[in-house]
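What the coordinates show
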Amino acid sequence: MSNKTILLTGASSGIGREFSQFLGDLGFNLILASRNIGELKEIKSSITNKNISVHIIKLDVTDSKNINEVINYIDINYGSIDILINNAGITIENFILDMNLNDFDRIFSTNVRGPWLLANGIAKLMISKKIEGKIINISSILAENVIPKQSLYSMTKSALLQMTKSMALEWARYGINVNAISPGFVLTNMNKEFFNTENGIKMFSRWPKKRVGNPDMLLSTLNYLLDDRSKYVTGSILTVDDGQSLKRI
Ligand SMILES: NC(=O)c1ccc[n+]([C@@H]2O[C@H](COP(=O)([O-])OP(=O)(O)OC[C@H]3O[C@@H](n4cnc5c(N)ncnc54)[C@H](OP(=O)(O)O)[C@@H]3O)[C@@H](O)[C@H]2O)c1
């Protein structure tokens with residue numbers, strides 16, 4: 001993995017935080033991005049592998065100007081990167097009848113428009129530098145399943161799957177592999193309050209293994225996609241959900 005550089009969005013929390021440490025251990029050079037620079041600084045200092053470079057960068061994926069700045073920064077300072085992980089994401093928990101246009105725009109600009117702009121900008125750098133890179137999008141099992149109060153989230157995560165497949169198709173000729181991981185529920189800031197409620201407990205009690213996972217349960221799948229030996233895998237959606245989607249979620 002040495003000499004390869006990864007841009008990871010949403011690195012400040014939950015899955016992204018877990019990925020940061022793991023990717024550092026694997027020997028990748030890291031560009032860790034999110035809005036919260038304080039958290040990123042703390043993550044940078046906790047990364048134990050001191051033989052890699054770790055750069056932290058402020059990025060709001062809803063802000064197209066900010067995305068362009070980050071892409072320009074990478075162009076000037078790195079030429080390109082080898083891997084983009086589109087991990088930043090939010091949910092807005094509410095019934096459809098109680099949501100408005102602001103909710104719609106906020107979640108789509110975070111979960112779809114931002115990843116699309118980033119992937120597009122980074123792919124252009126990869127193509128111009130002839131780098132056969134990888135793009136990994138973090139979707140969700142809610143891309144293909146629905147539960148109450150998660151309609152917009154499900155819609156955005158479905159869009160991310162189609163984005164993954166379309167990019168894989170169009171960029172295969174450049175040697176860029178694009179895949180998605182669809183995690184089941186893992187405990188992070190996004191949902192930890194919910195899984196302490198009666199409804200949350202009821203929910204995971206229905207699942208085959210009757211438990212909510214942790215972000216580290218995604219690491220082996222991430223590792224697989226990063227490995228050169230998985231270069232025959234593109235346009236794929238890898239579900240990692242402890243069997244949660246086998247029954248009614
Ligand atoms: N937890 C689950 O059960 C689960 C299941 C399936 C999929 N996922 C997906 O996994 C990804 C990570 O979620 P998580 O569970 O780790 O949640 P989390 O702990 O809430 O982390 C979300 C991350 O996204 C970043 N983010 C949010 N809005 C952003 C913006 N506008 N610009 C830049 N970064 C932004 C946050 O950073 P800042 O606030 O610092 O910007 C944070 O680092 C998301 O795409 C989520 O949909 C999660």
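Only a predicted model underlies this, so the values are computations on that prediction, with no experimental measurement involved.

Turning our attention to the pairing of strand 1 (residues 5–9). With 5 of 5 residues buried, strand 1 is to be regarded as a mostly interior element. Of the two faces of strand 1, the one holding Thr 5, Leu 7 and Thr 9 and the one holding Ile 6 and Leu 8 are both buried throughout. Where strand 1 and strand 2 (residues 29–34) come together, 5 bridges link them in parallel fashion. Bridge pairing in strand 2 places Leu 8 opposite Leu 32. Summarising the sheet, strand 1 and strand 4 (residues 83–86) pair through 3 bridges and their orientation is parallel. The partner of Leu 7 across the bridge, within strand 4, is Leu 84.

What follows covers the packing of aromatic side chains. With the rule as written, the count across this model stands at 7 aromatic pairs. Their ring planes at 55° and their centres at 6.4 Å tell us that Tyr 73 and Tyr 78 sit as a pair that is tilted. When its relative accessible area of 26% is taken as the criterion, Tyr 78 is described as partly exposed. Plain terms: the ring middles of Phe 104 and Phe 108 are 4.5 Å apart, the flat faces sit at 15° to each other, and that makes the pair stacked. Linking Phe 104 with Phe 108, this pair stays in helix 4 (residues 101–128), spanning 4 residues, or about one helical turn.

For the structure shown, the criterion picks out 8 salt bridges. A salt bridge links Arg 17 to Glu 42, with the shortest nitrogen-to-oxygen separation between them at 3.5 Å. Within this pair, whereas Arg 17 is found in helix 1 (residues 14–26), its partner Glu 42 is found in helix 2 (residues 37–46), the two being separated by 25 residues in sequence. With a relative accessible area of 42%, Glu 42 lands in the partly exposed category. When the shortest N-O distance is used, the salt bridge between Arg 211 and Asp 242 registers 2.7 Å. Within this pair, whereas Arg 211 is found in the loop between helix 6 (198–206) and helix 7 (219–226), its partner Asp 242 is found in the segment after strand 7 (237–240), the two being separated by 31 residues in sequence.

Rules of the game
Numbering of residues begins from 1 in every chain and follows the order in which that chain's sequence is written. Reporting in this predicted model follows two pLDDT cut-offs: at least 70 for local features of residues, and 80 or more for side-chain atom pairs to be given and counted; totals over whole chains, interfaces and linings ignore these cut-offs and use all residues. Side-chain measures here rest on the full set of heavy atoms in the structure, leaving out hydrogens and waters. Think of it in three bands: residues with accessible area under 20% of the maximum for their type are buried, residues over 50% are exposed, and the middle band is partly exposed, with areas taken using a 1.4 Å probe on protein chains only. Helix and strand assignments come from DSSP, with helices taken as H or I runs of at least 4 residues and strands as E runs of at least 2, each series counted from the N terminus. Any two strands between which DSSP finds at least two bridges are classified as paired. Any two of the Phe, Tyr and Trp rings considered here, Trp counted by its six-membered ring, make a pair once their centres fall within 6.5 Å; the pair's planes then place it as stacked at under 30 degrees, edge-to-face at over 60, or tilted in between. By definition here, a salt bridge exists when the distance from a side-chain nitrogen of Lys or Arg to a carboxyl oxygen of Asp or Glu is within 4 Å.

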